[in-house]
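Read off the chains here:
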Number of protein chains: 2
Amino acid sequence: VNTSDALARIAAIVGPAGVIAPRDAQPLLRDQRELFRGEAALVVRPASTAECAEVLAVCHAAGLGVVPQGGNTGYCGGATPFDAGRQVLLSLTRMHRIREIDPLGFTMTVEAGVVLAAAQRAAEEAGLLFPLSMGSEGSCQIGGNLSTNAGGLAVLRYGTARDLVLGIEVVLPSGGVLSELKGLRKDNAGYDLRALFLGAEGTLGVITAAVLKLLPRPQVYETAWLAVAGPQAACELVARARRETGDQVSSAEYVSRRSLDLVLERLPEARDPLDVAHEHYLLLEIAATGDPSLVRSRFETVLQAAFEAGEVRDAAIADSGTQRAALWLLRERIPEAERRDGGSIKHDIAVRIGRIPELIERAEAELAPLGAHRLSFYGHIGDGNLHFNLLPPVGVALEAFRERTGGALTRRVYDLTAELGGSFSAEHGVGILKRDELEHYKSPEALRLMRAVKAALDPRGIMNPGKVVG
Amino acid sequence: VNTSDALARIAAIVGPAGVIAPRDAQPLLRDQRELFRGEAALVVRPASTAECAEVLAVCHAAGLGVVPQGGNTGYCGGATPFDAGRQVLLSLTRMHRIREIDPLGFTMTVEAGVVLAAAQRAAEEAGLLFPLSMGSEGSCQIGGNLSTNAGGLAVLRYGTARDLVLGIEVVLPSGGVLSELKGLRKDNAGYDLRALFLGAEGTLGVITAAVLKLLPRPQVYETAWLAVAGPQAACELVARARRETGDQVSSAEYVSRRSLDLVLERLPEARDPLDVAHEHYLLLEIAATGDPSLVRSRFETVLQAAFEAGEVRDAAIADSGTQRAALWLLRERIPEAERRDGGSIKHDIAVRIGRIPELIERAEAELAPLGAHRLSFYGHIGDGNLHFNLLPPVGVALEAFRERTGGALTRRVYDLTAELGGSFSAEHGVGILKRDELEHYKSPEALRLMRAVKAALDPRGIMNPGKVVG
């Protein structure tokens, strides 16, 4: 099959409503962070699994690359196509149906293009909770969430995207459809095929639908902004709160003074909830069910014990939804504050929780001699996951900073993380941005196995070429 | 390499303490249910991952099959070798070290041969909980639990074995070692290789160690034995209890009158906790933290609401550990009561929770015309998982029953389960017993993918030959 025939056939499969004209396609060809500017031979939005399957069958026969894309909010360029002649961008945006909600089974069956916030709302309308939650939830899509095994703000309690899936429907590179949408809580009939595609970033197939787990909706949230004695105290406090609340901690977010300062400086609506400045903060939230006054009193008991243990130095507890939002703003809008400041070099790293203090201490000491920079670090300390970001010195543009010292600084951050037994990608994945890191930091056995899986499932290498191990 | 040289080399690798003499090996060559009588060229117990790796390298070079075995408590013959000339039984029993407990990270690193109950105790001694729990916990081992993705009594709250693993160490068929023991909560650096081996029943490699998730230890258990209006009422009640306790339900076990009768008849220590006989029971347990009187009062509020909704007809709530044990005995010892009665044909099936009522109703109606039998069904209704067992009519031996009508009855149970969108193996796996069912009930795409994975990871087919898709 020659390429132009194949492209014409694909356009016919999806119909006029399914083809995005080149001038409208520009936003889809750039990544969220504008690190990459891609190009594609064709940009299509199939309306159904059947159309997806037909498109893939044609691509397979013609050897055309297929780059699946959801809300295009990824941080690693994983959804950007890079070949104007031989790659097709497959946007799942039109597949946004919620197929079913099963309140007795606590499940929801959705198509890949359902926006995360819409999935959350649908669960809420059924009186239940879909707990996946992150800054991009207003535009990221379930298919992308699953393909990148998204993390976010409630992983400590509810797990990552992978943990919230009972089954998926996948269009395979050949155009076949693997349908595993039974929605069973237990199914040990052979290998766990779903797991292959969760976190594979579209390099093994296209996730087109999923059965998601729903959970009972918490009735009461308690949220506190805590000045803590240091990172070690923050880790101890998270463990204490988990033990003493019966694992009701839904979020435990660390914020360094430097990240808070950026927010206070760049966002006029931000206010420091405490009177005195501290170096280290923990945003701690529990999600519970039952009498609100009892939940509050238990939360205060935990904080009191932490105060007496010297872990907490000062605290502001939200007394209303407005106050809760004001506290969350200080954490959630750090990325925006960094952008307004001129942008940052991002590192999404994870170590064992107990090694967070050493990571922070050593990173500060070991980065200092490598070139001028400003630090902004914060993140999901309860998961051992920090966003360890580096800003250029005042007056230096991000691009110049990146070129001059970025490489050495980044290498030190990742080397240090590896020395502490950690990962260079906690939740953002690999995409095209971190391919070299994957090669460098994963063991030869792991890389060999990944390539064996890729070759077995996508022998022609058409799925998201050049990403991860492709 | 010729076979006898290879066997001699393997014996030298593990040393005298690592070779089990033929007459001592007999219990390891039979499966738990005594459905199969196996044979092996050699039975070895390596003492370390390094020895395992050396053994596999020799087997790989010589083309010898390797059958990994843990506590040998499986129900599907998955750990039984079937070739006196060309298969080596690899028992993990000697690898029973708890390598590390990390209380801040809530993890425990253990070797494959650690007995489940020992892992539970080690967690308890650290003030934490390893929640995997099942009847065989006194002899089953972590390696087997992970290789079969074991389920058990606390899946509703804590998930199956797969959900309780952060990482594994695996000896690959070639003798290479994949070490993924970082113990990170989040790690999106490439494909989720762990997932390949969890539930693969030793057909892709040998799990030698794992990092397990630990959880806060609940302080209070509340346990009730409830007479419910029927299976539908039981399902509604589980959903109600999950919603109204903030997901503190740790177990929800259905017991049919017929299973209870078997227990009352066959176990002298069993007592019916209620005055009047009912057809359907639910053993409901919540695990909570906080003031015991508040936990009890919340539990009673849920039961009261269920009573008013007509879901519950009578209830016995445990007031002591002794009473709790007496209630659990009625559920946990059903398999033993069936054995004492002469044994049963077992079906470990799962459907969506909401389809349990239809499954029970149709199974009773559709099995009746196929031949005389007695029913005993019970199980993890909160997971949609029933053990739907068939006993021979009084006076007929199990073997005769199995031969005469067993095939037709089993086929109907599985067909019905499939018609209702369910699985023929919820938690027991495939092994050698359910290979035909796997072929029959899985989709061609799923089977093709499973075979592709098997061929990619174990191209010489040495791992647990003849099991699952091997």
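Quantities reported herein were computed from a predicted structural model and do not represent experimental measurements. (Residues numbered from 1 in each chain as written. Chains lettered and ligands numbered in written order. Predicted model: local features only at pLDDT ≥ 70, side-chain atom pairs only at ≥ 80, totals over all residues. Heavy atoms only, no water.)

1. Considerations on the overall build of chain A
Phase 1: Scanning chain A from N- to C-terminus turns up 16 helices and 17 strands.
Phase 2: In terms of overall size, chain A behaves like a compact globule, its C-alpha atoms giving a radius of gyration of 23 Å where 470 residues would be expected to give roughly 23 Å.
Phase 3: Burial status across chain A gives 62% buried among its 470 residues.
Phase 4: Restricting to contacts in chain A with at least 6 residues of sequence separation, those with at least 24 account for 74%. (Helix = DSSP H or I, 4+ residues; strand = E, 2+ residues; numbered from the N terminus. Rg over C-alpha atoms; globule rule 2.2 N^0.38 Å. Buried < 20%, exposed > 50% of the residue type's maximum accessible area, 1.4 Å probe, protein only. Contact = heavy atoms within 4.5 Å.)

2. What about unusual backbone geometry?
Phase 1: The phi angle at A:Glu34 is positive, at roughly 55°, despite the residue not being glycine.
Phase 2: Along the chain, A:Glu34 falls in the loop between α2 (22–29) and β1 (39–44).

3. Quick look at the nonpolar core
Phase 1: A:Phe130, A:Phe197, B:Phe130 and B:Phe197 are the most contacted members of the largest nonpolar core, which totals 196 residues.
Phase 2: If sequence neighbours within four positions are ignored, A:Phe130 has contacts with A:Met108, A:Leu116, A:Ala119, A:Gln120, A:Ala123, A:Ile142, A:Leu164, A:Leu212, A:Lys213 and A:Leu214. (Core = buried A, V, L, I, M, F, W, Y, C linked by side-chain atoms within 4.5 Å.)

4. Some thoughts on the relation of the copies chain A and chain B
Phase 1: You can overlay chain A on chain B at an RMSD of 0.0 Å; the transform is a turn of 180° with a shift of 0.0 Å along its axis. Taken together, the rotation and translation describe the operation of a two-fold axis.
Phase 2: An overlap of 100% is found between the interface residues of chain A and their copies at the interface of chain B, pointing to a shared contact surface. (Least-squares fit on C-alpha atoms with pLDDT ≥ 70 in both.)

5. Some points on the pattern of salt bridges
Phase 1: A complete count under the given rule lists 80 salt bridges over all chains for this structure.
Phase 2: Note that B:Asp192 is salt-bridged to A:Arg162, the shortest N-O span being 3.3 Å. Residue B:Asp192 is located in the loop between β8 (177–180) and α7 (194–197), and its partner A:Arg162 is located in the loop between α6 (155–158) and β7 (165–171); the two belong to separate chains. Across the pair, A:Arg162 and B:Asp192 agree in class, each one buried.
Phase 3: One salt-bridge network, held together by shared partners, links A:Glu358, A:Arg362, A:Glu366, A:Arg412 and A:Glu419. (Salt bridge = Lys/Arg side-chain N within 4 Å of Asp/Glu carboxyl O.)

6. Looking at the packing of helix α1 (residues 3–14) of chain B against helix α3 (residues 49–62) of chain B
Each pair of packed helices can be summarised by the angle the axes make with each other and by the distance between the axes.
Residue and element names in this part refer to chain B.
Phase 1: Between α1 and α3, the shortest axis-to-axis distance is 9 Å and the interhelical angle comes to 175°. With respect to α3, the element α1 is oriented roughly antiparallel. Contact with α1, carried on its side by Ala 6, Arg 9, Ile 10, Ile 13 and Val 14, involves Glu 51, Glu 54, Val 55, Val 58, Cys 59 and Ala 62 of α3 and no other residues of that element. (Axes fitted to C-alpha atoms, helices over the stretch in contact; angles between N-to-C directions. Parallel < 35°, antiparallel > 145°, perpendicular 65-115°, else oblique.)

7. Comments concerning helix α12 (residues 334–341) of chain B
Residue and element names in this part refer to chain B.
Phase 1: Within α12, the full set of buried residues consists of Ile 334, Pro 335, Ala 337, Glu 338 and Asp 341. Looking straight down α12, one finds its buried side chains confined to an arc of 160°; they lie on one side.
Phase 2: Backbone geometry just after α12 places Gly 342 at a positive phi near 125°. (Arc of directions from axis to C-beta.)

8. Thoughts on the packing of aromatic side chains
Phase 1: According to the stated counting rule, one finds 14 aromatic pairs over all chains in the structure shown.
Phase 2: Measuring from centroid to centroid gives 5.0 Å for A:Trp225 and A:Tyr281, while their planes differ by 25°, and the two rings are stacked. One end of the pair, A:Trp225, is in strand β11 (residues 220–228); the other, A:Tyr281, is in strand β13 (residues 280–288), and 56 residues separate them in sequence. A:Tyr281 carries the same exposure label as A:Trp225, and that label is buried.
Phase 3: Seen in terms of ring centroids, A:Phe424 and A:Tyr441 are 5.9 Å apart; in terms of plane orientation they differ by 35°. Their pairing is tilted. Note that A:Phe424 is positioned in the loop between α14 (398–419) and α15 (435–441) and A:Tyr441 in helix α15, a separation of 17 residues in sequence. Each member of the pair, A:Phe424 as well as A:Tyr441, is classed as buried.
Phase 4: Taken together, A:Tyr254, A:Phe377 and A:Phe388 form an aromatic cluster joined through their ring pairs.
Phase 5: Geometry around A:Tyr75 places A:Arg33 over its ring, the cationic atom sitting 5.5 Å from the centre.
Phase 6: In this structure, B:Arg324 packs its charged tip against the face of B:Tyr221, placed 4.3 Å from the ring centre. (Phe/Tyr/Trp six-rings, centres within 6.5 Å; stacked < 30°, edge-to-face > 60°. Lys NZ or Arg CZ within 6 Å of the ring centre and 35° of its normal.)

9. Concerning the sheet that holds strand β3 (residues 82–91) of chain A
Residue and element names in this part refer to chain A.
Phase 1: Ordered by their spatial adjacency, three strands build an open sheet running β1-β3-β2, and the pairing between neighbours is parallel. The two strands at the open ends of the sheet, each matched to only one other strand, are β1 and β2 (65–69). Averaged over all adjacent pairs, the angle separating strand axes in this sheet is 35°, with direction ignored.
Phase 2: On top of the sheet, helix α1 (residues 3–14) reaches β1 and β3; it is set at about 30° to β1, its chief contact.
Phase 3: Contacts between α2 and the sheet are confined to β1, β2 and β3, with β1 contributing the most and set at about 105° to the helix. (Pairing = 2+ DSSP bridges.)

10. Here's the deal with the interface of chain A and chain B
Phase 1: Each partner contributes to the interface: chain A provides 93 residues, whereas chain B provides 93 residues.
Phase 2: For the pair chain A and chain B, the two sides together bury roughly 7,100 Å², of which 57% comes from carbon and sulfur.
Phase 3: For chain A, the biggest contributors to the area lost against chain B are A:Lys186, A:Tyr191 and A:Arg352; these three give 14% of the whole.
Phase 4: Joining chain A to chain B, the criterion identifies 12 salt bridges.
Phase 5: In this structure, A:Asp383 engages B:Lys186 in a salt bridge whose closest nitrogen and oxygen atoms are separated by 3.4 Å.
Phase 6: One can count 34 residue pairs in polar contact (both at pLDDT 80 or more) joining chain A with chain B.
Phase 7: If you list the elements that add at least two residues to the side of chain A that touches chain B, you get β4 (98–102), β5 (107–111), β8 (177–179), α7 (194–197), β10 (215–216), α8 (231–244), α10 (292–308) and α16 (444–457) of chain A. (Buried area = accessible area lost by both parts, 1.4 Å probe. Polar contact = N/O pair within 3.5 Å; in protein donor to acceptor, adjacent residues only side chain to side chain.)

11. Side note on the environment of A:Ser443
Residues and elements named next belong to chain A.
Phase 1: Relative to the helices and strands, Ser 443 is located in the loop between α15 and α16.
Phase 2: Residue Ser 443 is classed as partly exposed on the basis of its relative accessible area of 29%.
Phase 3: At a separation of 3.1 Å, a polar atom in the side chain of Ser 443 contacts the main-chain amide nitrogen of Ala 446.

12. With respect to the side chain of B:Glu311
Residue and element names in this part refer to chain B.
Phase 1: The topology assignment puts Glu 311 in the loop between α10 (292–308) and β14 (312–317).
Phase 2: Residue classification places Glu 311 among the buried positions, given a relative accessible area of 9%.
Phase 3: A distance of 3.0 Å separates a polar atom in the side chain of Glu 311 from a polar atom in the side chain of Arg 240.
Phase 4: What Glu 311 contacts, discounting residues up to four positions off in sequence, is Ala 227, Val 228, Ala 229, Ala 233, Glu 236, Leu 237, Arg 240 and Ala 306.

13. Concerning the sheet that holds strand β14 (residues 312–317) of chain A
All names here are of chain A.
Phase 1: Overall, antiparallel pairing links the seven strands, which are arranged β14-β11-β13-β12-β16-β17-β15 in an open sheet. At either margin of the open sheet sits one strand with a lone partner, and together these are β14 and β15 (348–350). Each strand axis lies, on average, 20° off the axis of its neighbour in the sheet, ignoring direction.
Phase 2: In this sheet, β14 lies alongside β11 in antiparallel orientation, the contact comprising five bridges. Its bridge partner being in β14, Val 228 is matched across the sheet by Val 312.
Phase 3: The sheet contacts of α10 involve β11, β13 and β14, and relative to β11 the element is tilted by about 15°.

14. Digging into the state of the cysteines
Residue and element names in this part refer to chain A.
Phase 1: Enumeration over the complete set of coordinates arrives at zero disulfides over all chains.
Phase 2: Considering cysteine sulfurs only, Cys 59 is the nearest to Cys 52, which forms no disulfide, with 10 Å between them.
Phase 3: Given a relative accessible area of 0%, Cys 52 falls into the buried group. (Disulfide = S-S within 2.5 Å.)

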